[in-house]
Amino acid sequence: LSLFLAASATAGVGLIAQAPATPAPEVTFTRDIARILQRSCQECHHADGVAPMSLITYEDVRPWAKSIKARTALRSQRGAMPPFFVEKNIGIQKFKHDPSLSDDEVAMVAKWVDNGAPRGNPADMPKALEFEGTDKWTIGEPDLILRSKDVTVPAIGPDRWGDFGLIPTGLNEDRYVSAVEVREVNDIPHDKSVATVGGRYVFHHMTYESIVEGERASSGANEGGGSWPIHEVGRNADIFPPEAGRLLAAHSSLSLNAGHLHSNGRETRGHLEFAFKFFPLGYKPIYKRSGVRLGDGINIDVRPNESGQELHAYAVLQEHTKYITFEPHLHAPGVRMCLEAIWGHNIQTLNCVGYDHNWVKQYVYEDDAAPLLPKGTIVHLIGFLDTTAANKNPVDPRNWAGGGRRSVANMFIDLGYSVSLTEDQFQAEMAKRRKNMKSRNDYDIGCPLCWAPPTATPTPTTASPGRPQGQQ
Amino acid sequence: MMRRLWCAAGAAFLMFTAANAQMRFTYSSGQVVSPAYEGWRTEEDGSQTLVFGYMNQNWAEEFDIPIGPDNSIEPGGPDRGQPTHFYPRRSPFLFTIKVPKDFGDKELIWTVKTHGKIEKAYASLKNDYMIDNQVISTEVGGDFGSLRDELRTNIPPTLKVEGDNKRMAKVGAPMALTAIAKDPDNIPARRVATDIDDRDGVVSRTVIARAGQRTGPAAVVDRLPRQSGRRHVQPGADEGVDRHARLRQLAVVAAVLHPRAAAGQQVDHGGDVQGSGHLRAARRRQRRRGVHLRQRDSHGNAIARRL
């Protein structure tokens, strides 16, 4: 049999070799590459964008061709472009605002560069995108933009934490937020590089909440008011699901109560801008925010000059939970983070993502792909650290480092957020998922009970021995 | 044959690497001490102060490593005031070394060898390592980890042991040492109102240090109110004061109701301890582990009270 297979395979190779060759179409800038750049790169890489060079025209792009090939080939690793580090072969793959390239697109870029990066027919060039200076927001046209006060950060100085005051929203009625985007605007020239942790920014992070003076800050927390997702270096926008908008109350102010500034080697003046998009008037959220917190800041023990270091943290979900985002937060030694869900013997890796401390990203799940985890699930967070020369982010990789707030110290936390679901909401969400699945052989990663029969009406007088786990 | 050897070596390396990566267990012993460089700050005279601490990766094992090749700071050492006794887990912002204005790109290297393994901390003036009072306070959980800007101007508490730096004592005989702690600006405000000696934020306690079989004096600062109105507090049998007696010169130890709750601190310059990290380290450790005071109720039944 083996001989037969080997002979057949050899014959097959011969047949293929003898078939008339169809020349593969040449990959050109105008027909193939420009479209990729428009979708995944130009939002930052335009004349007034935040990136250090424009990638609009062929003349803009050609000098960077080899670099583009190298950066796109990095995929989920530090330094990859575009900076979206989800590993493509593990876990959930549907995210909002995902600019990443498919495997075919990465191969196409490589082929284009290897063939001399030809321009192609100008007639194939897609219509140029329009950029309105630096005021373009990824969430679209905001309904409200708020601005912090300016701060001047010295070229060299200790990390600084503090309260950056209140920004009145000016709202006269309650509004529910569908998306919020925060960005740092500073005077660092686009074409100048800086050599400290967090590089191009001085606001390492900003923790903020919305308050109505005279009321408790936590009022309305169940409806999504109060605290907001933390802003971090290079972080992308928050997009809330239709069922879980966040309240920005009438007469409220943003309280920038815990900012962290980090000097970047150049005196820098900058501020933060907060852009909000609202749900229509009359909207009310139906899901309650979850209090899940996952991470460990106490036992961090980062060895010098060592790759493959791991950190682990666990939590047990107290309610049915829908994860909205996954947001790895490590510091300079961090290179990767994974999130697992453990439901009995069912262990699923929800995602693994690369980590680059210069691009702290959150990953917003598509509504029909977000993890749906039953009460009792153990969520397991795994951080991967590298303090060898392969990771250029640690300031002095020869030094041991522990946990802490400073940029040279370490954090290990999932800053993502989730919502709690009632039994009915949980069952309804899973029913929607089942409609998207073709058969019982189709898995929905992150939904361990999607194929389990819905919960029966409880019968308080009888137990149900032997019922498989998950079929309560 | 050679290839097989290489394969075996490679497999062994991979196994070692995998095991190494997973060393996050709660080891009681057998792990090493990692000296830690905490950062630097500029003094008013333009000189810089480098701050060090350490991480003993064990949860129980303590080390005594005398100054020498296994515990040295160079250049200028081996003795630059570093500790010789290492308590379990993290002791941040523990001691300082002042360096001249022209230190520039130079480095100080602290080498510690435990369980046959050498670990080093490299102290430089790299920008990212710059610190100030707020950084120290925040990083050790001071003011409950508050980020208040006020902590930047916070004046560190001081601690002084009264009397001469060197005193004679008989082995096994008690010797009284008095320590005075001050927090001039009372920031953050003291949480425990002490009725012992409360003039201008001064808290003083006198305790008895027993030299035991080891040489050298020791001091203990008890910052917990124990019994009202008593200025001179005798250490309890469970305080294990002599655990700290082996430290060179003068040791200052805080919060010693339970020996594991103690934080040893070697003093740089006889008698005075400037800087806030010492007591804070002790406080943090104390909070983490909790301190239980054994008492008896009115019926003579033993009770434990958590402080």
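On a predicted model such as this, the values are computed, not experimentally measured, just so you know.

Chemist: When you look at the overall build of chain A in this model, what are you seeing that I'm missing?
Modeler: The secondary structure content of chain A amounts to six helices and 26 strands. A buried classification covers 53% of the 472 residues belonging to chain A. Of all intrachain contacts in chain A linking residues separated by at least 6 positions in sequence, the fraction that spans at least 24 positions is 80%. Accessible surface, chain A as shown: approximately 21800 Å² in total, 55% of it carbon and sulfur.

Chemist: What should I look at first to understand the nonpolar core in this one?
Modeler: One recurring pattern in soluble globular proteins is that nonpolar side chains are buried together. All names here are of chain A. Within the largest apolar cluster, 39 residues are counted, with the highest numbers of intra-cluster contacts made by Tyr208, Trp228, Leu248, Leu254, Phe274 and Phe276. When residues of this core are assigned to their parent elements, the largest contribution, four residues, is made by strand S11 (residues 268-278). Once residues within four sequence positions are removed from consideration, Trp228 is found in contact with Val177, Val180, Tyr208, Glu209, Ser210, Phe240, Arg246, Leu247, Leu248, Leu254 and Phe276. Judged by nonpolar contacts, the second largest core, of 34 residues, contains Ala80, Ile92, Val302 and Ala313.

Chemist: Quick question: what am I supposed to make of the pattern of salt bridges here?
Modeler: Should the charged atoms of two oppositely charged side chains come close, the side chains can pair. Residue and element names in this part refer to chain A. Throughout the structure, instances matching the rule amount to 24 salt bridges over all chains. Among the ionic pairs, Asp301 bridges to Arg303, the shortest N-O distance being 3.0 Å. One exposure class covers both Asp301 and Arg303, and it is buried. Note that Lys322 is salt-bridged to Glu429, the shortest N-O span being 3.2 Å. Residue Lys322 is found in strand S16 (residues 320-323), and its partner Glu429 is found in helix H6 (residues 423-436); the two are separated by 107 residues along the sequence. Taken individually, Lys322 and Glu429 each receive the classification buried, so the pair is uniform in this respect. Each member of the salt-bridge network shares a partner with another, and the members are Arg147, Asp150 and Arg269.

Chemist: Would you mind showing me how to read the packing of aromatic side chains here?
Modeler: A ring pair, where both rings are aromatic, is described by two values, the distance of the centres and the angle of the planes. Enumeration according to the criterion identifies 21 aromatic pairs over all chains in this entry. Note on Phe240 of chain A and Tyr417 of chain A: the rings are 5.7 Å apart at their centroids and 50° apart in plane angle, and the pair reads as tilted. Taken together, the residues span a long stretch of sequence, with Phe240 of chain A in the loop between strand S8 (238-239) and strand S9 (246-248) and Tyr417 of chain A in the loop between strand S25 (413-414) and strand S26 (418-421) at a distance of 177 residues. Tyr417 of chain A shares its class with Phe240 of chain A; the two are buried. Cluster of aromatic residues (ring-pair linked, three or more members): Tyr37, Phe52, Tyr54, Phe86, Phe95, Trp110 and Tyr129 of chain B. The residue whose ring lies beneath Arg246 of chain A is Tyr417 of chain A, and the NZ or CZ to ring-centre distance is 5.0 Å.

Chemist: I tried to follow the packing of helix H4 (residues 65-73) of chain A against helix H5 (residues 103-114) of chain A on my own but got confused; where do I start?
Modeler: Residues and elements named next belong to chain A. The N-to-C vectors of H4 and H5 enclose an angle of 155°; their axes lie 9 Å apart at closest approach. Comparing their axes, H5 and H4 come out roughly antiparallel. In this structure, H4 meets H5 at a crossing whose hand is left-handed. Of H5, the residues touching H4 (which contributes Ala65, Lys66, Ile68, Lys69, Thr72 and Ala73) are Val106, Val109, Ala110, Trp112, Val113 and Asp114.

Chemist: Would you mind showing me how to read unusual backbone geometry here?
Modeler: Backbone phi values are negative for most residues with the exception of glycine, while trans is the configuration of most peptide bonds. Cis geometry marks the peptide bond from Met81 of chain A to Pro82 of chain A, where omega comes out at -10°. Tracing the backbone through its elements, the reader meets Pro82 of chain A in the loop between H4 and H5. A positive phi is found at His97 of chain A, a non-glycine position, where the angle reads about 55°. Tracing the chain through its elements places His97 of chain A in the loop between H4 and H5. At Phe93 of chain B, a residue that is not glycine, the phi angle is positive and equals roughly 45°. With respect to the helices and strands, Phe93 of chain B occurs in strand S6 (residues 89-99). A residue is classified by how much of its surface remains accessible, and Phe93 of chain B, at 5% relative accessible area, is buried.

Chemist: Which parts of the structure should I look at to understand the side chain of Thr169 of chain A?
Modeler: All names here are of chain A. Inspection of the secondary structure puts Thr169 in the loop between strand S4 (166-168) and strand S5 (175-186). Thr169 gets classed as buried once you look at its relative accessible area, which sits at 6%. From its side chain, Thr169 meets the backbone nitrogen of Leu171 in a polar contact 3.3 Å long. The contact partners of Thr169, leaving out residues within four places of it in the chain, are Leu144, Leu146, Leu248, Ala249, Ser252, Ser253 and Leu254.

What counts and what doesn't
Residues numbered from 1 in each chain as written. Chains lettered and ligands numbered in written order. Predicted model: local features only at pLDDT ≥ 70, side-chain atom pairs only at ≥ 80, totals over all residues. Heavy atoms only, no water. Helix = DSSP H or I, 4+ residues; strand = E, 2+ residues; numbered from the N terminus. Buried < 20%, exposed > 50% of the residue type's maximum accessible area, 1.4 Å probe, protein only. Contact = heavy atoms within 4.5 Å. Areas by Shrake-Rupley, 256 points an atom, 1.4 Å probe, with all protein chains shown as cover. Core = buried A, V, L, I, M, F, W, Y, C linked by side-chain atoms within 4.5 Å. Salt bridge = Lys/Arg side-chain N within 4 Å of Asp/Glu carboxyl O. Phe/Tyr/Trp six-rings, centres within 6.5 Å; stacked < 30°, edge-to-face > 60°. Lys NZ or Arg CZ within 6 Å of the ring centre and 35° of its normal. Axes fitted to C-alpha atoms, helices over the stretch in contact; angles between N-to-C directions. Parallel < 35°, antiparallel > 145°, perpendicular 65-115°, else oblique. Left-handed = near helix turned anticlockwise from the far one by under 90°. Polar contact = N/O pair within 3.5 Å; in protein donor to acceptor, adjacent residues only side chain to side chain.

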